[in-house]
Amino acid sequence: MRRMIGVKEIEDMALGATVLGAGGGGDPYVGKLMAIEAIRRYGEVELITPDEVPDDALVAVSQMMGAPTIMVEKICSGAEPMATYDELVKELGQEPYAIYAVEAGGVNSTIPFILAATRRIPVVDCDLMGRAFPELQMTTLGINGVKGQPAVLADEKGNTVTVRGIDDRWLERIARQATSVMGGYTILASYPCTGKQLKDFCIPNTPTLCEEIGRTLREAREQHADPIDAVLDVTNGFRLFRGKVVDVERKTDGMFVRGKAVVDGLDEDKGSRMVIEFQNENLIALRDEKPVTTAPDLIMSLDMESGTPVTTEGLKYGARVVVVGMPCAPQWRTPEGLAVVGPRAFGYDVDYIPVEERMAKGGRA
C-alpha cells in the first residue's frame, strides 16, 4: 500500500485539497510551490496507510495556523516546519515515526510533505477533519479525548512558542493569540499521538482523495468535459447555486478571515440570491435567506468555466461561480461531532440537516 509522492501527485493533491478545504486551508499555489521545491531538493515522499503505522509509534501533525489572506502576502521562509518539528522532538524526547495532515486545504495538505521530504520520514494517508475547519480543537482526535498538545508554533523570523493548555479549547485560544503576535499566521507541530490512536480516530485516505479530485478535475479539462460534474462525481456532491459574485465582505482581524459573499443567480437560478458566510472556511449557504447547506458539510465555490476552486481570500466581485455542497465525514454527524462543528457551534441557530437530505427536499429544508 506504500507509494511515493512526487511533483505530479503534489500538483493534483494541492488542487483537490483546495476543493475539500471548503474555502479555507490556505493558498494552494503557495503550498504547492513549497512542497514541490522540497521534493525536488530532497526526493519523493513515501505515503503510508494508517494500518502501516505501528500501534506504539509516535506520529504528529504539521500545519499552518492563522488567517489565509496573510500567508498570501507574508510568505513562509520554508524553515518553519522543521523548526517546529525539532522543538516537538525535544519536548517529547523521541522522533515521530511519520507526519500527517490535520485537515484538507491548499496549504495544510501539502505542509506535511515539506517536512517529510526534508526529514525523510513518511506521511500517513489520513487527516483529522476530512475538510478544513477554523479552530484547533475541531478534530476527530479532539472529540475522542486525544489532546493536540504539546503544540509548537514558529514564524518566518525564527521565533518558536511551545503551548501546553489545560484542554484544546485553551490551546486554541493561546496559540491563536501567539499567532496574532507573530504576524497573523504560524506553522505548527501538534497532535502527537500513537499509531493506535490515529487508526482508531483519524479520517483515512484524505490525501489520496485530494489527489483523486485534483486528477479528475485536470483530466476533465484536458478532455473538454464538464469539470464541475467531474468533481461532484468524486465527492458525491451537489450543485447548490449558479451565479455572479456581486459583493464580498472580508475582514482579517489577526485571528481569522471573517465575512460573507453575495452571489446573484444566473440561468436557472436567476432571480434568487445566495449568501455564503465564512470564518476562514465557508460555514453556511443561504438561498433567499433560507439555509441550503451548513457546516459540517462542505460548501465550496468553483469557477463556472474551469471548475477551479475559489478560496474565501480569492473571491472577487464579478466572478462567475457554481456553489457546491458536499457531505462531510461521518464522524462529524455524531452528537459529539456536531457539538464541536455543527451550525450552533459557529453561532447559527439552525438545525444541522445533511446536505443530501436538504437537496432531496429541493434545497429548502
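- With an unreviewed UniProt entry as reference, the protein chain is termed DUF917 domain-containing protein, source organism Raoultibacter massiliensis.

**Quick notes on the environment of D253**
Argument step 1. Its location among the elements puts D253 in the loop between β11 (238-252) and β12 (257-265).
Argument step 2. Of the residues examined, D253 reaches a relative accessible area of 36% and is grouped as partly exposed.
Argument step 3. In the structure, D253 is positioned 73 residues away from S180 in sequence and 8.8 Å away in space, judged by C-alpha atoms.

**Here's the deal with the packing of helix α1 (residues 7-20) against helix α2 (residues 28-42)**
Argument step 1. Taken N-terminus to C-terminus, the directions of α1 and α2 make an angle of 160°; their axes are 10 Å apart at the nearest point. As summarised for this structure, α1 and α2 are arranged roughly antiparallel, according to the angle between their axes. Judged by the twist between their axes, the crossing of α1 over α2 is right-handed. Along the contact surface, α1 presents V7, I10, E11, A14 and T18, while α2 presents P28, K32, A35, I36, I39 and R40.
Argument step 2. Of the residues that constitute the contact of α1 with α2, the class distribution is 7 nonpolar, 1 polar and 3 charged.

**Looking at the sheet that holds strand β18 (residues 320-326)**
Argument step 1. Taken together, 8 strands build an open sheet; the order of strands is β15-β14-β13-β12-β11-β18-β16-β17 and the sheet is antiparallel. In this open sheet, the two edge strands, each paired with only one partner strand, are β15 (290-294) and β17 (309-310).
Argument step 2. In terms of strand pairing, strand β16 (residues 298-303) meets β18 through 6 bridges, oriented antiparallel. Bridging from a neighbouring strand, L302 pairs with V322 of β18.

**Comments concerning the nonpolar core**
Argument step 1. Residues Y100, L128, L198 and M274 are the most contacted members of the largest nonpolar core, which totals 106 residues.
Argument step 2. Dropping the residues within four chain positions of it, L198 is found in contact with V59, Y100, V124, C126, L128 and C193.
Argument step 3. Grouped together as the second largest cluster of nonpolar side chains are 10 residues, L153, V163, A178 and M182 included.

**Digging into the side chain of D269**
Argument step 1. Relative to the assigned elements, D269 resides in the loop between β12 and β13 (273-279).
Argument step 2. Leaving out residues up to four positions away in the same chain, D269 has contacts with F241, R242 and R287.

What counts, and where the lines are drawn
- Residues numbered from 1 in each chain as written.
- Predicted model: local features only at pLDDT ≥ 70, side-chain atom pairs only at ≥ 80, totals over all residues.
- Heavy atoms only, no water.
- Helix = DSSP H or I, 4+ residues; strand = E, 2+ residues; numbered from the N terminus.
- Buried < 20%, exposed > 50% of the residue type's maximum accessible area, 1.4 Å probe, protein only.
- Axes fitted to C-alpha atoms, helices over the stretch in contact; angles between N-to-C directions.
- Parallel < 35°, antiparallel > 145°, perpendicular 65-115°, else oblique.
- Left-handed = near helix turned anticlockwise from the far one by under 90°.
- Contact = heavy atoms within 4.5 Å.
- Nonpolar A, V, L, I, M, F, W, Y, C, P; charged D, E, K, R; others polar.
- Pairing = 2+ DSSP bridges.
- Core = buried A, V, L, I, M, F, W, Y, C linked by side-chain atoms within 4.5 Å.

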